[in-house]
Amino acid sequence: MRIRALVGSGCCVLGAAILAVAGCGPGAGPKIQVDLDRADAIRSALRRAAGAGEEEGGEEEVAEPTGFATLVGRIRFEGTVPAPKQLRVDKDVEVCRPGGRPVLSQEFVVNSENRGLKNVLIFVSSKIPSGDPKWEHESYLAQREALLTGDKAFDQKACRFLAHVYAMRSTQTLEIINSDPVGHNVKIDPPTTKVASTNVTVPANGGKATWKPGGESNVPVSVACNIHPWMSAYILPRDNPFFAVTDENGGFRIDYVPAGVELEFRVWQERIGFVSGSVTLNGQTIKLSKGRIKKVKLEPDQETSWEFVFTDALFD
Amino acid sequence: MNRQVDRKTLGSYLGSLALLGLAVFAGCDAPKAQFQPNLVYARSRLVESNEDLSKPEVRVQLEDVADILAALMGTPDEPRLPALPDIDWSPLLQLDQLQRAAGPVGSDESGTEHGLYRQHCVHCHGITGDGLGPTAPFLNPYPRDYRRGLFKFKSTPTTLPPTKDDLHRILREGIAGTAMPSFKVLTEDEREALVQYVTYLAIRGQIERALIYEISENLDPGQRLIDLTLKEKDPDLYQEQLDVVLAIAADTVSPWLEADSQMTEVPPPPENWNTPESIAEGKRLFFTSLASCSKCHGDLALGDGQTNDYDEWTKELQPGNPDALKEFLALGALEPRHILPRNLRKGVYRGGRRPVDLFWRIKNGIPGTPMPAASQELTNDQIWHLIAYVRSLPFDAIALPRQHKPSVPRERL
């Protein structure tokens, strides 16, 4: 492997020097060469693993929850709040820029009174069975395949998605509404084939469309409107129901979290993606990598509270 | 012989001259065609702007991706189809067909030709199917980059890949109004090999993206996708790594296997279809906020209603951010261009001019582009009236008072 790296770059430096045109591939950037011997070894390993999957079958024993717990909390922001970007609204302005006021990005919204950070996602990222009564309280089971409508619908007004960051179960169906007097289209482009993509016209004045993700993603999928390209939002589709989005006070709450088992949580914010770096949790400094809070074990029937402080250093 | 191979061979020849001593190792001094890594996607997911993709912790991860792809899918000269849990490749891809399309141009003892892809497609679509063949920068629209698995002109709903028939139709008919030629001159059999090879390149590219995505979202810096030395040291983690890779590959393939059975049905047009009253109804709908067509195609349907948007391939280059864009261009991406809604007065339909083609375009939208699927509230009859209106536009002089002669003879579906 070390040899291929050397050959790769060596060839191209010389090749480029002599030829000035791409020698062994387009553009600059690292020359990544395949190590065919390693590829062969990986191929045999994968072939064995693909064959083994079925036969072994007997899943190893996993711990089961001893009950359900509640997780509540709040995320506060400390430091200089960056001035929000102004969006370029150049179409259907009577509807999309009501009163001629500037339209601001919702990428980073801090409550000026209590410094709560809005629109942060917190969710359980451990692989756990979906739809299993040992893991899911009956209130979740009842909603597993629900149509998210009424106050849970995904609405748009004045050319904004009313929920800028939204989370749902992959098995549920989302009702998308257009409460504007102009037509919109809703384009969802997930980075993984497990989640359905869509791009559908949503008629004006209460027009509707539906979307069913069908599979989960670790990262929220982006939502856009091509008629009004400044519109944007994010939706996180998860197989299990243990997720929350912080409200305008930075607060969040997840009910009936499986207790007595080790869970991993992840934390995401639009500007920085998965939160990486030092944050304060209940007064103690912890370091997050890719937003992970590992080995969380909650007590059954107890309420656990997580008070976070995020500083501006995180967002540099 | 095509230009890309020529140029490569020359580059490598000079390279190997300078490297005589090292020439025993297969690097780019070997005249073999190689798949190029998707550095643009890697840049957009794995490093921040101005960070170096060749820093060691990223480099090992990209080498993992390259080696895993070679393990699963082989090389441009030797394609492979991996054994995957619950996947039966045979209705979709067969190795002998891929071998016919792959490799250098030539024929074997039995007279069977191979290298079809390099002979007919590579100068536009590139060895890797990245749409970066040597001719690509001069074309508008650019040739398709297959690696997202996104295809525009197809009969299935947005989220699904095209059917085999869809790809066959593209190869038979070409894409009107673009550089994509018709390959009617080839035999049905040869086109089958090419359709399979396009599918193969698309799946390979999608797996590559999914592996890079897995690294970006789930692995720590420097952490490996597959580390063979873990087999003894940490068998559980090793098994998990293999399972993740197999699941990624299987999840990529399964929608392709589904597509053939998910064609959107086209109901017959209403009785009065394509009459002046049907065209008038289509025209009315065109401007309503139920259909919203005029918002993008413009009030005169000249394609000038929304002209500053980008397609999915281009959005990845962050065209609104000049610094980032410069980095992507340096990695080989093509200069971004805006995606324009079609000028419907020209009467050139890229996805085919049969009414059934237009039905699929309007019902399902055009994937990878802003063109959305029709509202679920728009009825099939209404879609037919829109088609009647769209097809009347080229005959409707803008300057003249609107008089609809019965211009378009009713075509058979």
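This one's a predicted model, so the numbers in the text were calculated from it and none came from an experiment. (Residues numbered from 1 in each chain as written. Chains lettered and ligands numbered in written order. Predicted model: local features only at pLDDT ≥ 70, side-chain atom pairs only at ≥ 80, totals over all residues. Heavy atoms only, no water.)

## Re the state of the cysteines
Short version of the rule: Two cysteine sulfurs form a disulfide in these notes if their separation is within 2.5 Å. Strands here are runs of E lasting at least two residues and helices are runs of H or I lasting at least four, both read from the DSSP assignment and numbered beginning at the N terminus. With a 1.4 Å probe rolled over the protein chains alone, any residue whose accessible area is under 20% of its type maximum counts as buried; one over 50% counts as exposed, and the rest are partly exposed.
Summed over the entire model, instances satisfying the criterion amount to one disulfide over all chains. One disulfide bridge connects C96 of chain A with C159 of chain A, the sulfur atoms lying 2.0 Å from each other. Here the S-S torsion is close to -40°, and the disulfide linking C96 of chain A with C159 of chain A is therefore left-handed. Residue C96 of chain A is located in helix α3 (residues 93–96), and its partner C159 of chain A is located in the loop between β4 (154–157) and β5 (160–161); the two are separated by 63 residues in the primary sequence. By the burial criterion, C96 of chain A is buried, and C159 of chain A matches it. C121 of chain B provides the cysteine sulfur closest to C124 of chain B, a residue in no disulfide bond, and the two sulfurs are 8.7 Å apart. A relative accessible area of 16% means that C124 of chain B is categorised as buried.

## Quick word on the side chain of E216 of chain A
Residues and elements named next belong to chain A. What counts is decided by this rule: Here a polar contact means two N or O atoms within 3.5 Å. Within protein one must be a hydrogen donor candidate and the other an acceptor candidate, and residues neighboring in sequence count only if both atoms are side-chain atoms. Whether two residues touch is decided by their heavy atoms; if any such pair falls within 4.5 Å, the residues are in contact.
As for its placement among the helices and strands, E216 is situated in the loop between β10 (207–211) and β11 (221–224). Side-chain polar atoms of E216 contact the side chain of K127, separated by 3.3 Å. Within the structure, E216 has its side chain in polar contact with the backbone nitrogen of D239 (distance 3.0 Å). Excluding residues within four positions of it along the chain, E216 makes contact with K127, S170, T192, K194, V195, P237, R238 and D239.

## Remarks on the pattern of salt bridges
As a reminder, the rule being used: Salt bridges, as used here, are contacts in which a Lys or Arg side-chain nitrogen is within 4 Å of a carboxyl oxygen on Asp or Glu.
The tally for this structure, following the rule as stated, stands at 36 salt bridges over all chains. Residue K127 of chain A pairs with E216 of chain A through a salt bridge whose shortest N-O separation is 3.3 Å. With a gap of 89 residues between them, K127 of chain A in the loop between β2 (121–124) and α4 (138–143) and E216 of chain A in the loop between β10 and β11 connect regions that are remote in the sequence. For K127 of chain A, a relative accessible area of 74% gives the class exposed. We classify E216 of chain A as buried; its relative accessible area is 11%. Here E188 of chain B makes a salt bridge to R191 of chain B, at a shortest N to O gap of 3.4 Å. On the criterion of helical spacing, the pair formed by E188 of chain B and R191 of chain B is a turn pair, its members being three residues apart in helix α8 (residues 188–218). Overall, R191 of chain B belongs to the buried group, its relative accessible area being 7%. What you see here is one network of salt bridges that share partners, running through R38 of chain A together with D64, D67 and R224 of chain B.

## Quick look at the pairing of strand β1 (residues 67–78) of chain A
Residues and elements named next belong to chain A. The test is simple: Should DSSP find at least two bridges between two strands, the strands are taken to pair.
Of all the twelve residues making up β1, nine are buried; the element is thus mostly covered by neighbouring parts of the structure. Here β1 pairs with strand β14 (residues 251–259) via seven bridges, running antiparallel. Bridged to G67 within β14 is A259. Strand direction decides the pairing type here: β1 and strand β20 (residues 303–311), joined by nine bridges, are parallel. Bridge assignment links R76 to a residue of β20, and that residue is V309.

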